[in-house]
Amino acid sequence: STFRDADGLWNNYPVMDVASHDGFVRNPALIHSFYNGLRRQLLDKKPNAAHLGLKELEKDFDVRIITQNVDDLHERAGSSHVLHLHGELMKVRSMTHEERVYTRDEYGDPVRPHIVFFQEAVPNFDPAVKIAQEADIFVVIGTSLNVYPAAGLLFYAPKNAPIYYIDPRPAAIPEGVGNVTVIAEPATAGVRELIKKLKNQ
């Protein structure tokens, strides 16, 4: 499930209870339970046509994916370069040694989800900016353009780089961002259309 859509997870859980630093301090057991539930759901999911289409683009392009999603579906689709802005659901992080990130209990440390909570900085933002600045083509898929700092990456794309924005309900393009082609489709159909456009260039 997405977090912000009409039927998203935030409609079922108080956001600050399950996705904030303060919430974790107040009730770590609730947060561990919440994320364990998401992990169980993810085990049954498979990459969709959008994930597979982005992998297909690697045949002709050097594709770098910056994702706000915390699932591992890009990796399961076979994408080679994936940067997770908001963390990774299937990993945990040591609370005493933050550099220890792992998929199983290797050290016996107290752990927390390897997720960027509200009230925390986004540690991978600077590497994401570097990727955006070096883009020849910049593609935005399935986002409201309301979640910052991620939405701000549009401003780092080179001025001459064409931008494609794929979303079934596209938001207004921020002022100062030009050269945008909107593909008003769900990600699955939109990535297929993107592939056609790029191959015809």
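Everything below is about the structure printed above this text.
Residues numbered from 1 in each chain as written. Predicted model: local features only at pLDDT ≥ 70, side-chain atom pairs only at ≥ 80, totals over all residues. Heavy atoms only, no water.

Engineer: Quick question: what am I supposed to make of the environment of Asp-60 here?
Structural biologist: Mapped onto the elements, Asp-60 comes out in the loop between α4 (49-57) and β1 (65-67). Taking the C-alpha atoms as reference, Asp-60 lies 39 Å from Gln-119; in sequence the two are 59 residues apart. (Helix = DSSP H or I, 4+ residues; strand = E, 2+ residues; numbered from the N terminus.)

Engineer: Would you mind showing me how to read the environment of Asn-48 here?
Structural biologist: When you line up the elements, Asn-48 lands in the loop between α3 (28-43) and α4. We classify Asn-48 as partly exposed; its relative accessible area is 30%. (Buried < 20%, exposed > 50% of the residue type's maximum accessible area, 1.4 Å probe, protein only.)

Engineer: What's the story with the environment of Gln-201 in this structure? I'm lost.
Structural biologist: Secondary-structure assignment places Gln-201 in the segment after α7 (187-199). On the basis of relative accessible area, Gln-201 is assigned to the exposed category, the value being 60%. Each C-alpha atom of the pair Gln-201 and Ala-132 lies 21 Å from the other, and the pair is 69 residues apart in sequence. Among residues more than four places away in sequence, those in contact with Gln-201 are Ile-137 and Tyr-164. (Contact = heavy atoms within 4.5 Å.)

Engineer: Before we go on, may I ask you to explain the sheet that holds strand β6 (residues 138-141) in this structure?
Structural biologist: Within a sheet, neighbouring strands are paired by backbone hydrogen bonds and run either parallel or antiparallel to one another. The sheet built from 3 strands is open, its strands ordered β6-β7-β8 with parallel pairing. Two strands lie at the open edges of the sheet, namely β6 and β8 (180-183), each paired on one side alone. In this sheet, neighbouring strand axes are inclined to one another by 15° on average, regardless of whether the strands run parallel or antiparallel. Bridging between β6 and strand β7 (residues 163-166) involves 4 bridges; their strand directions are parallel. When the sheet's bridge partners are listed, Ile-141 is paired in β7 with Ile-166. (Pairing = 2+ DSSP bridges. Axes fitted to C-alpha atoms, helices over the stretch in contact; angles between N-to-C directions.)

Engineer: I would appreciate a short explanation of the sheet that holds strand β3 (residues 87-94) in the present structure.
Structural biologist: Ordered in space as β4-β3-β5, the 3 strands form an open sheet in which the pairing is antiparallel. With partners counted over all chains shown, the strands left at the sheet margins are β4 (101-102) and β5 (111-115), one partner each. In this sheet, β4 lies alongside β3 in antiparallel orientation, the contact comprising 2 bridges. Each residue of the ladder has a partner; that of Arg-93, found in β4, is Val-101.

Engineer: In this structure, what is going on with the packing of aromatic side chains? I would like to understand it.
Structural biologist: When we look at a pair of aromatic rings, we describe it by the centre distance and by the angle of the planes. All chains considered together, the criterion is met by 4 aromatic pairs. Note on Phe-34 and Tyr-35: the rings are 5.0 Å apart at their centroids and 85° apart in plane angle, and the pair reads as edge-to-face. Each member of the pair, Phe-34 as well as Tyr-35, carries the same accessibility label: buried. An aromatic cluster of at least three residues, connected via ring pairs, comprises Phe-24, Phe-34, Tyr-35 and Phe-117. (Phe/Tyr/Trp six-rings, centres within 6.5 Å; stacked < 30°, edge-to-face > 60°.)

Engineer: What is the right way to look at the nonpolar core in this model?
Structural biologist: For soluble globular proteins, the rule of thumb is that nonpolar side chains tend to be buried together. Grouped together as the largest cluster of nonpolar side chains are 19 residues, with contacts concentrated most on Leu-85, Phe-138, Val-140, Leu-153, Leu-154 and Ile-163. Broken down by secondary-structure element, the contributors of at least two residues to this core are α6 (125-133), β6 and β7. In terms of residue count, α6 provides more of this core than any other element does, 4 residues in total. If we ignore the near neighbours within four places in the chain, the residues touching Val-140 are Leu-145, Leu-154, Tyr-164, Tyr-165 and Ile-166. In this structure, Val-18, Tyr-35, Val-70 and Leu-73 belong to the second largest nonpolar core, which totals 13 residues. (Core = buried A, V, L, I, M, F, W, Y, C linked by side-chain atoms within 4.5 Å.)

Engineer: How should unusual backbone geometry be read in this particular structure?
Structural biologist: Excluding glycine, most residues fall at negative phi; most peptide bonds, likewise, are trans. Here the amide bond leading from Tyr-148 into Pro-149 is cis, since omega sits at 15°, within 30 degrees of zero. Located in the positive-phi region is Leu-145, a residue other than glycine, with phi close to 60°. Inspection of the secondary structure assignment puts Leu-145 in the loop between β6 and β7. Using a relative accessible area of 8% as the deciding quantity, one classes Leu-145 as buried. The backbone of Asn-179 shows a phi angle near 60°, a positive value even though the residue is not glycine. Relative to the assigned elements, Asn-179 resides in the loop between β7 and β8.

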